[in-house]
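# Residue-level structural notes
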Amino acid sequence: VQLQAYGGGLVQAGGSLKLSCAASAPTFSTYVMGWFRQAPGKEREFVAGISRTGGRTAYADSVKARFTISRDNAKNTVYLQMNSLKPEDTAVYYCAAKITNSWSPFTVSYAYDYWGQGTQVTVSS
């Protein structure tokens, strides 16, 4: 499975960005998908996760009510809509896929089987 994340960029605080992650796998709908981020000098952290059908989602407390994860299984793509961005949201954002028949937030990076290359998000104050 190959994951290609894109949509990052430079935005002012309070602005919005929408990240996309396109998957090469024809069985995309069988993967739980997640977004993680890693700021310089910090560990990679969970941002959001979504179940195979999109019916269930989970968010880190730091992004709850500001970010929205969604997916379009017909397009093999998962999205992360980011609103009210803050300078502390600055990081490289990664999408990840997990092979599973169940749903759980899967908030730890080692739970995921495949990773995209990351896209830089920079929020200026």
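Above this note sits the structure.
Fair warning: this is a prediction, and the values are worked out from it, not measured in the lab.

Turning to the sheet that holds strand E3 (residues 17–23), a few remarks are in order. An order of E1-E3-E8-E7 is seen for the four strands of this open sheet, with the pairing classed as antiparallel. Here the strands that pair on one side only, and so sit at the sheet edges, are strand E1 (3–6) and strand E7 (67–72). Averaged over neighbouring strand pairs, the angle between their axes works out to 15 degrees when direction is ignored. Here four bridges tie E1 to E3, and the two strands are oriented antiparallel to one another.

Next up on the list: the environment of Ser 70. The residue Ser 70 is located in strand E7 in this model. In sequence terms Ser 70 and Lys 98 are 28 residues apart; their C-alpha atoms lie 16 Å from each other. With near-sequence residues (within four places) excluded, Ser 70 lies in contact with Ile 50, Val 78 and Tyr 79.

Per the stated rule, a full pass over the model turns up four salt bridges. Where Glu 45 meets Arg 37, a salt bridge forms, and the shortest distance between an N and an O atom there is 2.6 Å. Relative accessible area serves as the criterion here: at 35%, Glu 45 is assigned to the partly exposed category. Residue Arg 37 is classed as buried on the basis of its relative accessible area, which comes to 6%. Here Lys 64 ties to Asp 61 by a salt bridge, and the two come within 3.1 Å at their closest N and O atoms. Classification of Lys 64 by relative accessible area gives partly exposed; the value is 45%. You can call Asp 61 exposed: its relative accessible area is 67%. Each member of the salt-bridge network shares a partner with another, and the members are Arg 37, Glu 45, Arg 66 and Asp 89.

Rules and cut-offs
- Residues numbered from 1 in each chain as written.
- Predicted model: local features only at pLDDT ≥ 70, side-chain atom pairs only at ≥ 80, totals over all residues.
- Heavy atoms only, no water.
- Pairing = 2+ DSSP bridges.
- Helix = DSSP H or I, 4+ residues; strand = E, 2+ residues; numbered from the N terminus.
- Axes fitted to C-alpha atoms, helices over the stretch in contact; angles between N-to-C directions.
- Contact = heavy atoms within 4.5 Å.
- Salt bridge = Lys/Arg side-chain N within 4 Å of Asp/Glu carboxyl O.
- Buried < 20%, exposed > 50% of the residue type's maximum accessible area, 1.4 Å probe, protein only.

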